[in-house]
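# Chain and residue survey
The primary structure of each chain is shown beneath.
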Amino acid sequence: MSHAKTVLWLSLTLRTARSLSRVRFMEGQPHGMQNPGAMENGSGARGEERQPATQETIVTEGAAKIVFPSANEVFYNPVQEFNRDLTCAVITEFARIQLGAKGIQIKVPGEEDTQKVVVDLSEQEKEKVEPKEGESLVPGDQHRTAAVGEICEEGLRVLEGLAASGLRSIRFAREVPGLQSVVANDASARAVDLIRQNVQLNDVAHLVKPSHADARMLMYQHQKVSERFDVIDLDPYGSPAPFLDAAVQAVSEGGLLCVTCTDMAVLGGNSGETCYSKYGAMALKSRACHEMALRIVLHSLDLHANCYQRYVVPLLSISADFYVRVFVRVFTGQAHVKASASKQALVFQCVGCGAFHLQRLGKVATASSGRVKFSAACGPPVAPECGHCGHRHQLGGPIWAEPIHDLDFVRRVLEAVSTNTCRFHTSERIQGVLSVVTEELPDVPLYYTLDQLSSTIHCNTPSLLQLRSALLHAGFRVSLSHACRNAVKTDAPSEALWDIMRCWEKECPVKRERLSETSPAFRILGVEPRLQANFTIREDANPSSRQRGLKRFQVNPEANWGPRPRARPGGKNTSKTEERRRLRQNKRKELSEDPAQQAARLKTFPCKRFKEGTCDRGDQCCYSHGQPTPGASAAPTDCLKTFSPSSPGLEPPQDHV
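For the structure given in this document, a descriptive report is provided here. Remember, it's a predicted structure, so these values are computed and weren't measured experimentally.

### Re the pairing of strand β11 (residues 323–332)
Burial runs high along β11: eight of the ten residues are buried. By the bridge criterion, ten bridges tie strand β10 (residues 310–320) to β11 in an arrangement that is antiparallel. Its bridge partner lying in β11, Ser-319 is registered against Val-324. The hairpin turn running from β10 into β11, its antiparallel successor, is two residues long, and Asp-321 in that turn takes a positive phi close to 55°.

### A look at the sheet that holds strand β19 (residues 484–490)
One open sheet holds the three strands; their spatial order is β17-β19-β18, and the pairing between them is antiparallel. Looking at the sheet topology across the chains shown, the edges are occupied by β17 (448–449) and β18 (478–481). Bridging between β17 and β19 involves two bridges; their strand directions are antiparallel. Across the sheet, Thr-449 pairs through a bridge with Ala-487, a residue of β19.

### A short note on the side chain of Ser-300
On the secondary structure map, Ser-300 appears in helix α12 (residues 289–306). The exposure class assigned to Ser-300 is buried, which follows from its relative accessible area of 1%. Ignoring any residue separated from it by four or fewer positions in sequence, one finds Ser-300 in contact with Leu-244, Lys-278 and Tyr-279.

### Description of the nonpolar core
In this structure, Met-219, Ile-232, Leu-257, Leu-267, Ile-296 and Leu-301 are the most contacted members of the largest nonpolar core, which totals 86 residues. Considering every element that reaches this core, the biggest residue donor is α12, with eight residues. Leaving out residues up to four positions away in the same chain, Leu-301 has contacts with Leu-244, Val-248, Leu-257, Val-259, Val-312, Val-326 and Val-328. Judged by nonpolar contacts, the second largest core, of 49 residues, contains Leu-86, Val-90, Phe-172 and Ile-195.

The rules behind the values
Residues numbered from 1 in each chain as written. Predicted model: local features only at pLDDT ≥ 70, side-chain atom pairs only at ≥ 80, totals over all residues. Heavy atoms only, no water. Buried < 20%, exposed > 50% of the residue type's maximum accessible area, 1.4 Å probe, protein only. Helix = DSSP H or I, 4+ residues; strand = E, 2+ residues; numbered from the N terminus. Pairing = 2+ DSSP bridges. Contact = heavy atoms within 4.5 Å. Core = buried A, V, L, I, M, F, W, Y, C linked by side-chain atoms within 4.5 Å.

Following this line, the structure appears as structure tokens:
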């Protein structure tokens, strides 16, 4: 019995000592402190194991400075700086519109000089409204302003549902004026700890409020009109589909909803059934897949909003890098919801020549008395087989068939960025992309590409100016698209477009004898064009953004750029994964080295028989045994014949392939 008591006393003593040592260790780590609020709420042990503090890095972007863990514990992608800069610019103009209706003027850093010039030019009008001696202004008539970093009582309430490190929310607080509060939410306790640390580091605790909750539950808790957010930003890892239903209910009347989608493989048509399960639309593989992805996301947003008698109005829709980004306003109105069916359309796309036609789901008719009648549309717009090449059609959609941009709002954002280029690091790219957006035809969904048209009939590719000039000479409208460098967005029917390509083929003939009789090229070129195209270059064929040399299409910003790996609880380091990925690149390509270097490199690896323990060379074995020696002529041959490319990065010689 005394022995059992002794063992129990020793166990308690050791447990107490370990607890004290753990406390002292945590006190010595400034960046590894646990979240007291999370521990009180019982979220400290909710599926996330607390790790000792790892090596951390200071990242500066815009006006914000954040502490970022080197391990992959909290998600951060520096390539999306353009995304964050554009969001700050859009929210700033949205705040200017919303607060301007309340008589509040926002003050943006870098715009003071411009505002001063405006005041100097209107000195006479200023003297007219100045009160005389003994008079005082009514409190409601006083000029009110909202500056960056200050709390505006009538300002915007912003929610970032998936904040990660809190960089975006901190940039809102330090760069966007007219904000009442910013809620930086994340479901990861480690991320919320990092948000608190970064908020204190940037002195924005009065504006940014960290939140540890599921983004969907947080938005569902703010469905009341008085508790809704004016701006909701969703930038998840992958698809935002699980958050859209809650988002359209938690945004205020006329509020701004910003959504990012990085699952471009799904939206681009690689998995149509997956796209339907997430967004309620079938994606097609086509050259216009990037714009189709934007229109699928807009369709999904409007579909979710219609369930609650709400509808969306797109302000700006961007396809950039490896993601799409949409900015929409959400309103309430039963009459507008009834018209939503007429804003959606199915896509009939030929699998042979790529010609597409749109079929609206609904139809809106206005009677002479002014009454609006909604009904189902009639279709389809195509025959079972394509009229140009005879191939069948694929059916995709529904997609958003209305304009995807508000050009007036885009011009406001473009003007603000152009007059204050020092505000953002990616100002040049923002100007280039928005300039192309303002040049797009707003009422023409989707587009063709130069290489698609020429490769279909196996001819040389005309220049962009030649094809645009031919369309303009024929009386059609044509524009570029920010989503694709070689895009041809036009209101010309597919018949006129193929007639122009037939005329081009006559100038650059194709060898007809090499074409298969069932190929689209043979059937398209077998018809004489009814439209005689004129390829003389016109001055208006070259768009303004192209003439000015704006940065319209971004090159790869850095090596190995793209979507980053998902953040892991506990901060699993991805350095080994990235190193393995680097070693596997170009593993099937022949290395650029002379035979002597290749032989020297191969001699450092043993042969397959050595791994099996049957090689006669023993420890002296290598892949290339060199010149055979007398009495050992069989060993080199055996080793060469049993080579196995099991070693990473190796390629067998040509005689073994």
